[in-house]
Structures are given as structure tokens and as C-alpha cells.
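Here's the letter readout for the chains.
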Amino acid sequence: MTMPRRRPGRPRRDETRPTREVVLTAAAALFAQRGFDAVGLREVAAAAGVDVATVAHHTGTKAQLYDACFARVFEAEREVLTAAAENARAALTEGPQAALRALHDLVDVFVDFLEDRPETTALWLRRWLEPQRHADLDERYAAPLYRLVAELLDAAAASGALVEPTPHVTVRALVWAVHGHVVALAAGGGSPARQRREFRLFVHRLLDGLYGPARP
């Protein structure tokens, strides 16, 4: 049987991954680079190596595709942060030093996640350039993770492991600091390994300043 020819210049789809995953990867990269309005479904299709009908079949309208990109990031981030938060909760019964070390670990997990997936930061920053548009994405895909960590800090304060009067402010400040770090890494201008090491030391010092130095 003769196989249909691929059109000249059309990228070959990655046959090792499901089509939906290939489409979402291509779409997330384009949305992160240029924002919602500047990206068309035909561009997504071309980047994914499929036709427009295939994109629509797997993700629906452009708005649904945009939503799916954030949902995909959210699920991956929720998985790693939930596990780290559970470990931190377990440490609350062991006293302030153990709780603070667990918070160090939790922040390290978040930093690792965004360093390994810088397109996540780019995607959110594009979204936040237009704060009045697509605001529902924040409630579905950012607020639950903010609440996860804020509730952990509340529990730590209730247990006496630390003093934290405004956990929502602390969480938001840390999130923005990590996103800024990822942007700085992407911009270059220094040793990435050194920047990563120095940023982790900075965040640990920040937590120590907020909640008291951890002792071995």
C-alpha cells in the first residue's frame, strides 16, 4: 500500500507521543512566546505537524486549547507540590526546625519545577500582561496551588512551629520571586548553575529570616 506523502516543509509529528500531547506542547510554546491573540490554530497545527482539523478534534476552539495548556501545567505542578506539602505537614509534629527544613524542601521542589519547565513561567507571564482577560484561569489553575501552600503555613502556625500572620502574602511573594528567577535564567548573562545555587541560598535565607534559622 502506498503511504500518503508528507507535504514539503511540513514538520513531522512526533510519533512517540499522543497527538494531543504534541498539540499542547506546540500550542503552549506559541502562547508563551506571543500570547493568546497573536497565535492561530493553523500555526499550532503547523508547529505540531498536524492539520487544523486534528487540532480542533483534540482540543476544540482556540480558547479551549488555551485553557488546556494551563490545565496541563497545573496538573504537573499540583502533583509535585502536593507531595512536597504532605511531607511538610508530616514534619510539623517534629518541631520548628523540622518544619523549616521541610519548607526549604517545598520551595526547592517549586524552583526545580519551574527551572525545568521555563515555558510555564512564560505562559503565565503572558496571561498576566492582560490581567482582565482570561482571569478565570487564575482561579482554576493558580489559586488552588496558592491555597495549598497558604493552608500549610496556617497549619504550621496553628501547631506553633512558626509565626505567620499573612500566609497569602508570603506565598504570592515567593511565587513571583521564583518566576523572576526563571526569567533571569532565560535572559542569560551568567552561569546558570551559579544562578540556580545562589537563588536557592537566597530563598533559604529568606525563609530563615521569616521563621527562624534551622539547626541540624
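Note that this is a predicted model, so its numbers are computed, not measured.

A.B. asks: Would you mind showing me how to read the overall build of the protein chain here?
C.D. replies: In terms of helices and strands, the protein chain carries 10 helices and zero strands. Written out in order from the N terminus, the α and β elements of the protein chain read α-α-α-α-α-α-α-α-α-α. Expressed as lengths along the three principal axes of its C-alpha atoms, the size of the protein chain is roughly 70 × 35 × 35 Å. Expressed as a percentage of its 216 residues, the buried residues of the protein chain come to 42%.

A.B. asks: Got a minute to help me understand the packing of aromatic side chains in this structure?
C.D. replies: Within a pair of aromatic rings, the relevant descriptors are the distance that separates the centres and the angle that separates the planes. The tally for this structure, following the rule as stated, stands at nine aromatic pairs. When the ring of Phe31 is compared with that of Tyr66, the centres are 4.8 Å apart and the planes differ by 75°; the resulting orientation is edge-to-face. Within this pair, whereas Phe31 is found in helix 1 (residues 19-34), its partner Tyr66 is found in helix 4 (residues 62-91), the two being separated by 35 residues in sequence. The buried category is assigned to Phe31, whose relative accessible area is 0%. By relative accessible area, which is 3% here, Tyr66 ends up buried. Taking 5.0 Å as the distance between ring centres and 80° as the angle between the ring planes, the aromatic pair formed by Tyr66 and Phe70 counts as edge-to-face. With Tyr66 and Phe70 both in helix 4, this residue pair falls four residues apart, about one helical turn. Per residue, the accessibility class of Tyr66 equals that of Phe70, and both read buried. Among the aromatic residues, those joined into a cluster by ring pairs are Phe31, Phe36, Tyr66, Phe70, Trp124, Trp128 and Trp176. Above the ring of Phe36, the side-chain terminus of Lys62 is found at 4.3 Å from the ring centroid.

A.B. asks: Looking at this structure, I do not really get the confidence of the model for the protein chain. What am I missing?
C.D. replies: In low-pLDDT segments, the atomic positions of the prediction should not be examined closely. Residue-level pLDDT values for the protein chain average 90, and 91% of them are 70 or greater. Here residues 1-11 is modelled with pLDDT under 50, and outside its nearest four sequence neighbours on either side it reaches nine contacts, counting other chains as well.

A.B. asks: Which parts of the structure should I look at to understand the pattern of salt bridges?
C.D. replies: Close approach of charged atoms allows side chains with opposite charge to pair. All told, the structure shown has 13 salt bridges when counted by the stated rule. Residues Arg34 and Glu43 are paired through a salt bridge, measuring 2.5 Å at the closest nitrogen-oxygen approach. Here Arg34 falls in the partly exposed class, since its relative accessible area comes to 33%. Of the charged contacts in the structure, one is a salt bridge between Asp138 and Arg127, with a shortest N-O distance of 2.5 Å. Within this pair, whereas Asp138 is found in helix 7 (residues 136-141), its partner Arg127 is found in helix 6 (residues 118-128), the two being separated by 11 residues in sequence. You'll find Asp138 and Arg127 in the same group, each marked buried.

A.B. asks: Could you clarify how one ought to interpret the side chain of Thr170 in this entry?
C.D. replies: Relative to the elements of secondary structure, Thr170 occurs in helix 9 (residues 167-187). A relative accessible area of 10% places Thr170 in the buried class. If we skip the residues at most four places from it in the chain, Thr170 touches Leu153, Glu164, Leu210 and Tyr211.

A.B. asks: Is there a simple way to explain a nonpolar patch on the surface in this structure?
C.D. replies: There is a patch of nonpolar side chains on the surface, built from Phe202, Leu206 and Leu210 and spanning about 240 Å² of accessible area. The residue Leu210 is located in helix 10 (residues 192-211) in this model.

About the cut-offs
- Residues numbered from 1 in each chain as written.
- Predicted model: local features only at pLDDT ≥ 70, side-chain atom pairs only at ≥ 80, totals over all residues.
- Heavy atoms only, no water.
- Helix = DSSP H or I, 4+ residues; strand = E, 2+ residues; numbered from the N terminus.
- Buried < 20%, exposed > 50% of the residue type's maximum accessible area, 1.4 Å probe, protein only.
- Phe/Tyr/Trp six-rings, centres within 6.5 Å; stacked < 30°, edge-to-face > 60°.
- Lys NZ or Arg CZ within 6 Å of the ring centre and 35° of its normal.
- pLDDT = per-residue confidence, 0-100.
- Contact = heavy atoms within 4.5 Å.
- Salt bridge = Lys/Arg side-chain N within 4 Å of Asp/Glu carboxyl O.
- Patch = residues over 30% accessible without salt bridge, like charges linked within 9 Å, V, L, I, M, F, W, Y side chains within 5 Å.
- Areas by Shrake-Rupley, 256 points an atom, 1.4 Å probe, with all protein chains shown as cover.

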